[in-house]
Amino acid sequence: MKILLSGTASDSHTWNLVYLQLFLGELGHEVVGLGPCVDAEELADACRRHAPDAVVLSSVNGHGYRDGLAAVRRLRAEPALAAVPVVIGGKLGVAGRPQETETARLLRAGCDAVLGDDLDALRGFLAARVHGGVPA
Amino acid sequence: MTARHVSFGAFVAAAADAGRLVVQPRMGFGDPRLMRAGLERTRAATATTAGTLTVDSYTRVGDLAAARAAVADGARLNGYPIATHPAAVTRALLAGLVDEGFPVQVRHGSARPEAIVRALTAAGLDATEGGPVSYCLPYGRTPLRRSVAAWARACELLAGAVRPGAVPHVESFGGCLLGQLCPPGLLVALSVLECLFFAQHGIRSVSLSYAQQTHPGQDEEAVRALRRLAAEFLPAGVDHHVVLYTYMGVYPRTPHGATRLLEASARLAVRSGAGRLIVKTTAEAHRIPTVEENVRALETAAAAAALAGPPAAPDGPDGPDADGGEVLAEARTLIETVLDLDDDLSRALPAAFARGLLDVPFCLHPDNPGRSRGLVDPTGRLRWAATGGMPIGADATTAAPLTADGLLAALHHVVRRYDSAPPNPEDGHARPPAARLTVRPPAPTSTTVT
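Everything quoted here is computed from the prediction, not taken from an experiment. (Residues numbered from 1 in each chain as written. Chains lettered and ligands numbered in written order. Predicted model: local features only at pLDDT ≥ 70, side-chain atom pairs only at ≥ 80, totals over all residues.)

(A) Just the nonpolar core, in detail. Ranked by size, the top nonpolar core spans 171 residues in total, and within it B:Val188 and B:Ala301 carry the most contacts. Broken down by element, this core gets its largest block of residues, 12 residues, from helix H8 (residues 184-200) of chain B. (Core = buried A, V, L, I, M, F, W, Y, C linked by C-beta atoms within 7 Å. Buried ≥ 20, exposed ≤ 12 C-beta atoms within 10 Å, placed from the backbone. Helix = DSSP H or I, 4+ residues; strand = E, 2+ residues; numbered from the N terminus.)

This is the structure in structure tokens:
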């Protein structure tokens, strides 16, 4: 399927994105990579332009919960983007461990999954969304 | 602010004359009290230290509204929002701390640093870092031409805000770029070109950065090339030193691996004649380090540097600079190619990227050509797998197509060497015992790419 891969608004990290682009491509997905520091508006624009089957957000700078929330709310505010699956993962807070309250807030805002840095979980999330296909 | 003031560059030069390596942490807290406590502890460390005030990511990308909202919410930020807290708050946090024995550098990572420069000068500071290319291409989406214009204005703002006796200082981050898998020739060239750019915009004291890479011998050659090219290309009267960064790629997860890599970087700094070292901590692979972890890293690095002995004489017939080596030749070619485009680097740098004459490997920025690629060769040296349109050759070794696993292996080349426990991962360089090894809980085992 077609995946839109993006960094979050305040996150400049690139290697996570370079790696995920290769990883997702090797799983057989078509990947559109937006690069780092994509704000919510740019993300929504890109979703309209590319009509992806899923959006993968990666954040490792500690602002992931906050930036991810803004991104998901912006996508869900638009009827055309209300249903596109969105998953966020990486290192999302400054504390170095998952924060339950922040995770719950992201899920309530319409994020379909909040992952850490476990790539098997990402693979599983995407496999579950491949229509009628056998996951790679 | 204190009346007695010494410039950042003069502080490093005086330490070098006394045979001391200046060590500096990365450190930034949103709360002014925590920020002050961090600087106090840095100053009190058993080492010759410079302080760091790292700005948060919202301020870095110019989203001052988000920084203000986060401060208002009491949210924990990953740095100090210098353009959000009033100047009086920042001045109070620095009062009695910054003086001739302890300069503080503002670190940020912004492609549009004018607001940060205004805020730091309003708070009485005058040292910062970055660059029109190095804080643009690897770290965001700001068009290169806009970053170049913003950096020109920021340098002029800083140069114009001079207080009596002060010499504003700007460090180029050009020797770091994406932190890993960029062969040294391009890192050295960009450091020199950015410092030339700063000088063209009124800055009279600069530092040239280089980040420790995968091979100690190649790294030493690179730092020496950087010093030689800086002396050659920077205008007379521009004060300069080299700042080395402890490895910036995927960092060892074990305390012994992290400590040994830090110590190796301190010895590299001394061996190659760098004046300053930006350290990493044993917590680096896991989270933002605490003040305590930073202080321990500063003291470990200072102890390793003190034990390293004097550097080899660089200029003798048998000295390591005698023939210069391939890093020097590659960097010189890149610098001269860019300067041939236009004497004004505000025009030459964007033109060089537009024509593919400079090309940062793995960089996803729209203004980067994206046709170059680095690899780690079997000896552990960084080489070019592809150079795109740059005026330098790719290495003869045939590069396999890039895969996720291959990239991960290259990104983890150093971490593997240091986290496993051979007696000495430095290929034969003498290594004194680790100054401090702290036992910590085992690291999480999941795959992380940062």
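(B) Structural detail: the pairing of strand S9 (residues 372-376) of chain B. Residues and elements named next belong to chain B. In terms of residue burial, S9 counts as a mostly covered element, since 5 of its 5 residues are buried. Every second residue of S9 is oriented toward a common face, with Ser 372, Gly 374 and Val 376 on one face and Arg 373 and Leu 375 on the other, all of them buried. Taken together, the 5 bridges between S9 and strand S10 (residues 382-387) define a ladder with antiparallel strand orientation. Residue pairing for S10: Leu 375 is matched across the bridge by Arg 383. Counting the residues that bridge the hairpin from S9 to S10 gives 5 residues, and of these Gly 380 lies at a positive phi of roughly 95 degrees. (Pairing = 2+ DSSP bridges.)

(C) Fine view of the sheet that holds strand S2 (residues 30-33) of chain A. Residues and elements named next belong to chain A. Pairing is parallel in the open sheet, where 5 strands are placed in the order S2-S1-S3-S4-S5. Here the strands that pair on one side only, and so sit at the sheet edges, are S2 and strand S5 (113-114). Inspection of the sheet shows strand S1 (residues 2-7) paired to strand S3 (residues 54-59) by 5 bridges, in the parallel sense. Paired with Ile 3 across the strands is Ala 54, a residue of S3.

(D) The interface of chain A and chain B, seen in detail. In this complex, chain A contributes 29 residues to the contact, which on the side of chain B involves 31 residues. Broken down by element, the side of chain A that touches chain B gets its largest block of residues, 8 residues, from helix H1 (residues 15-26) of chain A. Taken together, the residues of the side of chain A that touches chain B sort by class into 12 nonpolar, 12 polar and 5 charged. (Contact = placed C-beta atoms within 7 Å. Nonpolar A, V, L, I, M, F, W, Y, C, P; charged D, E, K, R; others polar.)

(E) Looking closely at the environment of B:Thr84. Residue and element names in this part refer to chain B. Here Thr 84 shows up in the loop between helix H4 (64-73) and helix H5 (87-94). Each C-alpha atom of the pair Thr 84 and Ala 15 lies 34 Å from the other, and the pair is 69 residues apart in sequence. When near neighbours in sequence (up to four residues on either side) are disregarded, Thr 84 contacts Thr 59, Leu 64, Ala 67, Arg 68 and Val 71.

(F) The arrangement of the packing of helix H2 (residues 40-50) of chain A against helix H3 (residues 64-76) of chain A in detail. Residues and elements named next belong to chain A. With their axes 9 Å apart at the nearest point, H2 and H3 run at an angle of 45 degrees to one another. Relative to H3, the element H2 is oriented oblique. Remark: the crossing between H2 and H3 carries right-handed chirality. Touching Ala 40, Glu 41, Leu 43, Ala 44 and Cys 47 of H2 are Ala 70, Ala 71, Arg 74 and Leu 75, all from H3. The residue inventory of the contact of H2 with H3, partitioned by class, reads 7 nonpolar, no polar and 2 charged. (Axes fitted to C-alpha atoms, helices over the stretch in contact; angles between N-to-C directions. Parallel < 35°, antiparallel > 145°, perpendicular 65-115°, else oblique. Left-handed = near helix turned anticlockwise from the far one by under 90°.)

(G) Highlighting the confidence of the model for chain A. Residues and elements named next belong to chain A. Mean pLDDT over chain A stands at 90; residues scoring 70 or higher make up 95%. No element of chain A has a lower mean pLDDT than helix H4 (residues 100-108), which averages 92, and none a higher one than H2, which averages 97. Long-range and interchain partners of residues 132-136, a stretch whose pLDDT sits below 50, account for 4 contacts in this model, where long-range means more than four residues apart. (pLDDT = per-residue confidence, 0-100.)

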